[in-house]
Amino acid sequence: MYTVDLNCDMGESFGAYTIGRDREILDYITSANIACGFHAGDPSVMKETVKMAVDKQVAIGAHPGLPDLVGFGRRKLDISPDEAYDMTLYQIGALKAFVEISGSKLQHVKPHGALFNMAAKDRELADAIAKAVYDLDHTLILFGLAGSELIHAGNEKGLRVASEVFSDRTYQKDGSLTPRREPNAVITDRAQAVNQVIRMIKEGRVQTVEQNDIAIAADTVCIHGDGEHAVEFASEIHQSFKDAGIHTKKISDI
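In this report, we go over the structure that sits alongside the text. The structure presented is a predicted model; accordingly, all values stated were derived computationally and were not measured. Along each chain, residues carry numbers from 1 onward, in the same order as the chain's sequence is written. In keeping with the model being predicted, local features are shown solely for residues with a pLDDT of at least 70 and side-chain atom pairs are shown and tallied solely at 80 or more, while totals for entire chains, interfaces and linings include all residues. Computation of side-chain values covers all heavy atoms of the structure but excludes hydrogens and water.

1. Examining a negative patch on the surface
Like charges are joined within 9 Å and nonpolar side chains (Val, Leu, Ile, Met, Phe, Trp, Tyr) within 5 Å, but only among residues with over 30% relative accessible area and no salt bridge; these make up the patches. Per-residue and other accessible areas follow the Shrake-Rupley method at a 1.4 Å probe size, with only the shown protein chains counted as cover for residues. Salt bridge, as used here: a side-chain nitrogen of Lys or Arg that lies within 4 Å of a carboxyl oxygen of Asp or Glu. Positive charges come from Lys and Arg alone, negative charges from Asp and Glu alone, with His and the N- and C-terminal ends not counted. The atoms used to mark charge sites are NZ of Lys, CZ of Arg, CG of Asp and CD of Glu. Residues Asp78, Asp82, Glu83 and Asp86 make up a contiguous surface patch of negative charge. Here a helix means four or more residues in a row that DSSP labels H or I, a strand means two or more in a row labelled E, and each is numbered from the N terminus. Topologically, aspartate 82 is positioned in helix α3 (residues 81-101).

2. So, the layout of surface pockets
Think of a 1 Å grid over the protein atoms and nothing else: a 1.4 Å probe that fits but is trapped marks a cavity, an open set flanked by protein within 12 Å on at least five of seven lines marks a pocket, and residues with an atom within 4 Å of a point count as lining. Grid points are joined across faces, edges and corners, and a volume is the space filled by probe spheres set on the points. In this structure, the largest pocket spans a volume of roughly 650 Å³. Along the wall of the largest pocket there are 27 residues; nearest its centre are Ala114, Asn117, Arg169, Pro179 and Arg180. The leading source of residues in the lining of the largest pocket is helix α4 (residues 113-121), at seven residues. Split into classes, the residues belonging to the lining of the largest pocket amount to nine nonpolar, eight polar and ten charged. In this structure, the second largest pocket spans a volume of roughly 340 Å³. Lining the second largest pocket we find 17 residues, and of these Asp168, Val186, Ile187, Gly227 and Glu228 sit closest to its centre. Elements with a contribution of two residues or more to the lining of the second largest pocket: α7 (190-203) and α8 (230-243). Each residue gets one label: Ala, Val, Leu, Ile, Met, Phe, Trp, Tyr, Cys and Pro are nonpolar, Asp, Glu, Lys and Arg are charged, and the others, such as Gly, are polar.

3. A closer look at the packing of aromatic side chains
To pair, rings of Phe, Tyr and Trp, with the six-membered ring standing in for Trp, must have centres within 6.5 Å; the planes then decide the type, stacked if under 30 degrees apart, edge-to-face if over 60, and tilted in the middle. Counted according to the given criterion, the structure contains two aromatic pairs. Where phenylalanine 116 meets phenylalanine 166, the ring centres are 5.8 Å apart and the plane angle is 75°; that geometry is what we call edge-to-face. Placement of the pair is phenylalanine 116 in helix α4 and phenylalanine 166 in strand β6 (residues 160-166), with a sequence separation of 50 residues. Burial classes follow relative accessibility: with a 1.4 Å probe on protein chains only, a residue under 20% of its type's maximum area counts as buried, one over 50% as exposed, and anything between as partly exposed. According to the relative accessible area criterion, phenylalanine 116 is buried, its value standing at 4%.

4. Here's the deal with empty space enclosed by the protein
This structure, assessed with the given rule, holds one cavity of 30 Å³ or more. By volume, the largest cavity is sized at about 30 Å³. If you trace the largest cavity, you find it lined by Asp9, Glu12, Arg74, His112, His224, Gly225 and Asp226. By residue class, the composition of the lining of the largest cavity is no nonpolar, three polar and four charged.

Structure follows, in structure tokens:
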């Protein structure tokens, strides 16, 4: 039997701007990564998204990012490990407050965007993020790109880690994601995305853009909630998992 966590980034609306269809996507996922106000989100959005996740019995994770609202946290910033520690701790703590007053418990931490990709390759940044998570709550699960420095750092720190794979992104031969600035970074064909992720779960393999086949671990699968057809894709991948004999559960229940 195959069992995997299905997560989605959400709570990324801000002020008068609405991004994503969070309420509908929550019907299909097991874990929600909620933005903490740096790359997206604001206190009111955080509170409302936490409430929706609690109501739908979806596990909640903090989704800390770089302080870059204009770039949606997807542009690299030259930050030190100390700054990475501070901004990670600050953002997790903010979301943790909303989660706890809702009567729930924070399950995991998943860095966002450029911070996630930087920590995948930069061990000092990865160590700083893992330390921030551990210092705040060593029971939190750290999500990181499968095979990345962030996974290694979390393991070394003594955290439980979850190797994350992406249904709609292409991979490089070193296991990293193809940068979004490149034209083939995002898979727009839904059938292709579904087939890729099912193979990652069942076979532990993925084909790279260079046409190499590499090994990959898949504990949790990310679907993006800000695309034009995000809800339809969430529904399709949820049903495809059922058809393929893949069960979805919160990562903390696996």
